[in-house]
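Here is how the chains run, residue by residue.
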Amino acid sequence: MKIVLTGYRGTGKSSVGRALASLLRLPFIDTDEEIEEREHRSIGEIFRNEGEAYFRRREREVIRALRDKEGVIATGGGVVLDPENVEHLRAHGDIFLLYASERTIRERIMNSDRPPLTDLGFEGEVSALLERRKIHYLSAADFCINTDEGTVEEICHGIRRITMEGSTGISERERALRFRVFQGLPPAEMDALETALLRPPRQTVRLCAIAGYPVRHSKSPHLYMHLFQRYSLNYHYTRLEDPEISRIMQCFGELDMRGLSVTIPFKKAVIGYLDEVSREAEEIGAVNTVIQCGGRRYGFNTDWVGVREPLRGHSGERAVVIGAGGAAAAAAYAALSLGMDVHILNRTIGRAKELAARLGCSSGSLDDLESISAGVIVNATPVGMNGEDRTPVKPDCLRKGMTIFDLVYTPPDTHLIRIARKKGCETIAGTEMFVHQAVEQFRLFTGIRVTPDSVREYLT
Ligand code: NAP
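The rules we used
- Residues numbered from 1 in each chain as written.
- Predicted model: local features only at pLDDT ≥ 70, side-chain atom pairs only at ≥ 80, totals over all residues.
- Heavy atoms only, no water.
- Pairing = 2+ DSSP bridges.
- Helix = DSSP H or I, 4+ residues; strand = E, 2+ residues; numbered from the N terminus.
- Contact = heavy atoms within 4.5 Å.
- Axes fitted to C-alpha atoms, helices over the stretch in contact; angles between N-to-C directions.
- Domains from an automatic or database assignment.
- Buried area = accessible area lost by both parts, 1.4 Å probe.
- Salt bridge = Lys/Arg side-chain N within 4 Å of Asp/Glu carboxyl O.
- Disulfide = S-S within 2.5 Å.
- Buried < 20%, exposed > 50% of the residue type's maximum accessible area, 1.4 Å probe, protein only.
- Expected span 1.5 Å × (residues − 1).
- Near = heavy atom within 4 Å.
- Polar contact = N/O pair within 3.5 Å; in protein donor to acceptor, adjacent residues only side chain to side chain.
- Areas by Shrake-Rupley, 256 points an atom, 1.4 Å probe, with all protein chains shown as cover.
- Nonpolar A, V, L, I, M, F, W, Y, C, P; charged D, E, K, R; others polar.
- Patch = residues over 30% accessible without salt bridge, like charges linked within 9 Å, V, L, I, M, F, W, Y side chains within 5 Å.
- Lys, Arg positive; Asp, Glu negative; His and termini not counted.
- Charge placed at Lys NZ, Arg CZ, Asp CG, Glu CD.
- Phe/Tyr/Trp six-rings, centres within 6.5 Å; stacked < 30°, edge-to-face > 60°.
- Right-handed = clockwise from strand over helix to strand, strands pointing away.

1. Comments concerning the sheet that holds strand S6 (residues 206-212)
Taken in spatial order, the six strands line up as S7-S6-S8-S10-S11-S9 in an open sheet, and their pairing is mixed. The open sheet is flanked by strand S7 (235-241) and strand S9 (276-277), the only strands paired with a single partner. Against the sheet, helix H11 (residues 220-230) contacts S6, S7 and strand S8 (259-262), and its axis sits at roughly 165° relative to S7.

Have a look at this one:
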């Protein structure tokens, strides 16, 4: 058994870790102590004499060496900032995030002799680092444990119970399996879900799903199940399909699920069920990724990352986004983040105007395309889906040297992409958006960074 305790300094990793190891009769390993032993000097001295970058390198070596070790491992507070560390810690193990209020943390570490990591002063540093690391902690954690209250012994018993029973009991799991959201699952997927929840090799199995209506053709379960297997994660991915988002979110809560990939038609509606929403998701007005930790739900948008990454080489150019729905909002947000001059053109001009005003860019009708000399055109409408021979862009508007990004990905080789290629344009298929948004979503679910190529590999 491998149990990893992570979290900020002062959240109780060492004291809880030592007591938990003794309760479970497992060896206790403190990564900071391992580093001190290897270096024959204290962490403080290493920081003062060699600097943080040197310390992080040594820390990475220690974490790598612990990959297949059994025991209770307490990590340093900054370990999870490095996705490679998270990958090693996660392999065959469960990660518990210990957290406490800022006030408790300050009280617990105020007499520590550790050198500061910033020049923000004691209180400023605690606030800033907690904020900066928050997403890394949440992503790396399978379970979140509040150590503000309760004795070390009580916290250890709580963790032991989760390792033995999971965070939900078998009877809740049995009941949830009868929920309507699972009724449309094909028999093989239902069997796999039942096995994962009721007869898992480890009770700590974490569940993720695509949530939408409909979702039966989604490629996400195939992709994520392969990725979970590749990184030896005790995770299962399924589908939650229902016309009512309330039923989906009820199941999400009752099963204490880990994460959701949210799709049509719930990207806006899901916001009402969340405790916190990232700044990007709020500005775009849509959430496509939810993670749950310690009973709190956090929403993110990774669609815009899926458009930004393929367009990285086009900073500063003029971009036209066609459409004014959720995909267009993510595309325009991505183009603006790259410093592009963005024009949103839509069939219904009022919607283009509204979106452009919200994001701070220009708008117009589809006819305006002819008069804008665009370097990049993004199709964010469904026109061209399912092999239809139509495009929202008149072929006369396409010129050699332009970049055409068609977000439609069923099929990837759309009518627009074919015409653009013939005209000598650079083309980017909609699958690239899916690939890059999935890289980011997987990082949010697990704290592990996969390469775009490994996602592409499982999509074919
Ligand atoms: P949406 O919110 O329904 O918006 C659709 C937009 O397309 C609206 O602006 C609509 O204009 C416009 N439109 C629809 N039919 C049209 C037509 N015949 N001619 C001109 N404009 C038309 O949909 P969405 O969520 O933004 O998604 C749009 C498309 O993006 C999807 O169909 C999908 O193919 C693609 N997408 C791809 C990915 C990916 O990972 N590659 C992710 C998400 C979405 P009105 O305002 O006038 O109705």
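2. A closer look at the domain arrangement of the protein chain
Domain boundaries in the protein chain define domain 1 (2-165), domain 2 (170-301) and domain 3 (305-431). Taking only C-alpha atoms into account, the centre of domain 1 sits 28 Å from that of domain 2. On the domain 2 side, the residues contacting the 19 residues of domain 1 number 16 residues. Counting each side, the surface lost to burial between domain 1 and domain 2 is near 1500 Å², with a carbon and sulfur contribution of 53%. Counting across the interface, domain 1 meets domain 2 through two salt bridges.

3. Notes on the state of the cysteines
One pass over the full model with this rule turns up one disulfide. Here Cys144 engages in a disulfide with Cys293; their sulfurs sit 1.8 Å apart. Taking the sign of the S-S torsion, 80° for the link of Cys144 and Cys293, the bridge is right-handed. Within this pair, whereas Cys144 is found in strand S5 (residues 143-146), its partner Cys293 is found in strand S10 (residues 289-293), the two being separated by 149 residues in sequence. Of the two residues, Cys144 and Cys293, neither departs from the other in class, the shared state being buried. For Cys208, which is in no disulfide, the shortest distance to another cysteine sulfur is to Cys293 and amounts to 12 Å.

4. Re helix H15 (residues 326-337)
End to end, H15 covers 17 Å across twelve residues, agreeing with the expected 16 Å (1.5 Å per residue, within 8%). Taken as a whole, H15 has its buried residues at Ala328, Ala329, Ala330, Ala331, Ala332, Tyr333, Ala334 and Ala335. Packed against the buried residues of H15 are helix H13 (279-284), helix H14 (303-308), strand S12 (318-322), strand S13 (341-345), helix H16 (349-359) and strand S15 (376-379). Positive phi shows up at Gly339, right after H15, with a value of about 75°.

5. As for the sheet that holds strand S17 (residues 426-428)
Taken in spatial order, the six strands of this open sheet run S14-S13-S12-S15-S16-S17, and their pairing is parallel. Taken across any chain shown, the strands that pair with only one partner, and hence form the sheet edges, are strand S14 (362-364) and S17. For this sheet the average axis-to-axis angle between neighbouring strands, irrespective of direction, equals 20°. Of the strand pairs in this sheet, S15 and strand S16 (residues 403-406) are connected by four bridges, and their pairing is parallel. Residue Asn379 lies in a different strand from S16, and its bridge partner there is Asp406.

6. Side note on the site of the ligand
Neighbouring the ligand are 21 residues, the closest being Ala324, Ala327, Asn346, Thr348 and Arg351. Here an oxygen atom of the ligand sits 2.8 Å away from a polar atom, N or O, in the main chain of Ala324. Here Arg351 contributes a side-chain N or O atom positioned 2.7 Å from an oxygen atom of the ligand. For the ligand, whose unbound accessible area comes to 930 Å², protein coverage reaches 79%. Of all the secondary-structure elements, those providing two or more residues to the shell around the ligand are H15 and helix H18 (430-446). The element contributing the most residues to the shell around the ligand is H18, with three residues. A breakdown of the residues in the shell around the ligand according to their chemical character gives eleven nonpolar, seven polar and three charged.

7. Things to note about a positive patch on the surface
A cluster of basic side chains, namely Lys268, Arg347, Arg351 and Arg358, defines a positive patch on the protein surface. Secondary-structure assignment places Arg358 in helix H16. Residue class for Arg358 comes out partly exposed when judged on its relative accessible area of 47%.

8. Considering the packing of aromatic side chains
Scanning all chains against the criterion turns up eleven aromatic pairs. When the centroid spacing of 5.9 Å and the interplanar angle of 40° are considered together, the rings of Tyr231 and Phe442 count as tilted. With Tyr231 in the loop between H11 and S7 and Phe442 in helix H18, the pair connects residues that are 211 residues apart, well separated along the chain. As far as the burial class goes, Tyr231 and Phe442 line up, both buried. Grouped by ring-pair contacts, the aromatic residues Tyr224, Phe228, Tyr231, Tyr235, Tyr237, Phe442 and Phe445 constitute a single cluster.

9. Focus: the pattern of salt bridges
All told, the structure shown has 37 salt bridges when counted by the stated rule. Measuring nitrogen to oxygen at the nearest pair gives 4.0 Å for the salt bridge that ties Glu457 to Arg230. Of this pair, Glu457 sits in helix H19 (residues 452-459) while Arg230 sits in helix H11, and the two are 227 residues apart along the sequence. Salt bridges sharing common partners tie together Glu39, Arg41, Glu50, Arg58 and Glu61.

10. Topic: the pairing of S13
Counting buried positions along S13 gives four out of five residues, so the element sits mostly inside the fold. Here S12 runs beside S13; their pairing, made up of five bridges, is parallel. Within the sheet, the bridge partner assigned to Ile322 lies in S13 and is Leu345. Considered for its hand, the β-α-β crossover made up of S12, H15 and S13 is right-handed. Across three bridges, the pairing between S13 and S14 is parallel. Across the sheet, Leu345 pairs through a bridge with Gly364, a residue of S14.

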